[in-house]
Amino acid sequence: MQDQRAAFAVSANVKWEADVGMAISDETWKKCCAHMRALSPNYRLRLINFTFLQRLYYTPWGLCAMGLQTDASCEKCHAPDDDFFHLAWQCGEVHDFWLEVAHVIGEMTGLKLALSPVLALLGSVDPMPPAQQKLVGMLLLLVMRRVAICWGRGRCAWVTVWLRDAAYCREQLETFWELAPEGSRPRDIWVPLREYLETAY
């Protein structure tokens, strides 16, 4: 139990390095944090991104480390030691959802996404064309939201529900920017989503 508590206290970027199997430079970490702040004017969405980046969600493993429960297994696949990385990425059902999402984003944007936890969970979208970075970042952020909502409920997310979330988010943000001075409004990043929804549904 003491070892669990010590591991629980390790800083987020060190945990990410261990999980993704690569060093994360200070520059990359700063870019991920800056991307989180710049992604959306909606503070609820920023909070989701911050919570994922800092790994603040309660997981069965974390609850066991704090002495609040005794079972650390995954409620979906029953794997032992259900830590943050397992819940957000490794669990079979969750990973299948990420793969479905990557396929849809590819159809939507024409991008061939090399889906990885660095892209999906840390939001490192540097290799993408600048025009598409914000759209893909927003879509991946909404995937995180859907994954988090389904934690602890014994079920996984649906792509159709994620697309509904994206359509609602687009409407809300467009309303927000309509109230801003015309010269300060950002470019429309949602065209690929609108076109995809019009043709696919």
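Residues numbered from 1 in each chain as written. Predicted model: local features only at pLDDT ≥ 70, side-chain atom pairs only at ≥ 80, totals over all residues. Heavy atoms only, no water.

Colleague: Would you take a moment to explain a nonpolar patch on the surface for this structure?
Modeller: Residues L47, F50 and L56 make up a contiguous nonpolar surface patch of about 280 Å² in total accessible area. Tracing the backbone through its elements, the reader meets L56 in the loop between α4 (43-53) and α5 (60-65). Since its relative accessible area comes to 48%, L56 is described here as partly exposed. (Patch = residues over 30% accessible without salt bridge, like charges linked within 9 Å, V, L, I, M, F, W, Y side chains within 5 Å. Areas by Shrake-Rupley, 256 points an atom, 1.4 Å probe, with all protein chains shown as cover. Salt bridge = Lys/Arg side-chain N within 4 Å of Asp/Glu carboxyl O. Helix = DSSP H or I, 4+ residues; strand = E, 2+ residues; numbered from the N terminus. Buried < 20%, exposed > 50% of the residue type's maximum accessible area, 1.4 Å probe, protein only.)

Colleague: Looking at this structure, how should I read the nonpolar core?
Modeller: For soluble globular proteins, the rule of thumb is that nonpolar side chains tend to be buried together. In this structure, W16, F52, F97, W98, L121 and W162 are the most contacted members of the largest nonpolar core, which totals 62 residues. Per-element tally for this core: the top contributor is helix α9 (residues 130-150), with 12 residues. Excluding its chain neighbours within four sequence positions, the residues that come into contact with F97 are V143, R146, V147, C156, A157, W158, V159 and W162. (Core = buried A, V, L, I, M, F, W, Y, C linked by side-chain atoms within 4.5 Å. Contact = heavy atoms within 4.5 Å.)

Colleague: In this structure, what is going on with unusual backbone geometry? I would like to understand it.
Modeller: Backbone phi values are negative for most residues with the exception of glycine, while trans is the configuration of most peptide bonds. If you check the backbone angles, R55 has positive phi at about 60° while not being a glycine. Turning to its location among the elements, R55 is positioned in the loop between α4 and α5. Positive phi, close to 65°, is recorded for H78, a residue that is not glycine. Mapped onto the elements of the fold, H78 is located in the loop between α5 and α6 (84-90). Owing to a relative accessible area of 59%, H78 belongs among the exposed residues under this scheme.

Colleague: Where do I start with the environment of S124 in this structure?
Modeller: Inspection of the secondary structure puts S124 in the loop between α8 (117-120) and α9. Distance in space between the C-alpha atoms of S124 and W29 is 9.0 Å, their sequence separation being 95 residues. Ignoring anything within four residues of it in the chain, the contact list for S124 reads C32, V118 and L119.

Colleague: Is there a simple way to think about empty space enclosed by the protein in this case?
Modeller: Any space left empty among the atoms is revealed by the rolling of a water-sized probe across them. As enumerated under the stated definition, the model contains 1 cavity of 30 Å³ or more in all. The volume enclosed by the largest cavity comes to roughly 50 Å³. Taken together, H35, L39, N49, L119, L121, L122, G123, G137, L140, L141 and M144 make up the full set of residues lining the largest cavity. In terms of residues, the lining of the largest cavity owes the most to one element, α9, which gives 4 residues. Split by residue class, the lining of the largest cavity holds 7 nonpolar, 4 polar and no charged. (1 Å grid on protein atoms, 1.4 Å probe; cavity = no way out; pocket = protein on both sides within 12 Å on 5 of 7 lines; lining within 4 Å. Points joined across faces, edges and corners; volume = space filled by probe spheres on them. Nonpolar A, V, L, I, M, F, W, Y, C, P; charged D, E, K, R; others polar.)

Colleague: I would appreciate a short explanation of the confidence of the model for the protein chain in the present structure.
Modeller: Residues shown with low pLDDT carry predicted positions that ought not to be read at fine detail. Summing up the model confidence of the protein chain, the mean pLDDT is 81 and the portion of residues at 70 or higher is 86%. Note that residues 1-9 has pLDDT below 50 and, in this model, 15 contacts with residues that lie over four places away or in other chains. (pLDDT = per-residue confidence, 0-100.)

Colleague: Honestly, the packing of aromatic side chains in this entry has me stumped. Any pointers?
Modeller: Each pair of aromatic rings is reported with the distance of its centres and the angle of its planes. Overall, the coordinates contain 5 aromatic pairs when judged by the stated rule. A ring pair is formed by W16 and F85, whose centres lie 6.4 Å apart and whose planes are at 85°; its orientation type is edge-to-face. With W16 in helix α2 (residues 12-20) and F85 in helix α6, this residue pair connects regions lying 69 residues apart in the sequence. Judged by its relative accessible area of 0%, W16 falls in the buried class. Look at W89 and W98: their rings are 5.7 Å apart centre to centre, the planes differ by 50°, and that puts the pair in the tilted class. We note that W89, like W98, is buried. (Phe/Tyr/Trp six-rings, centres within 6.5 Å; stacked < 30°, edge-to-face > 60°.)

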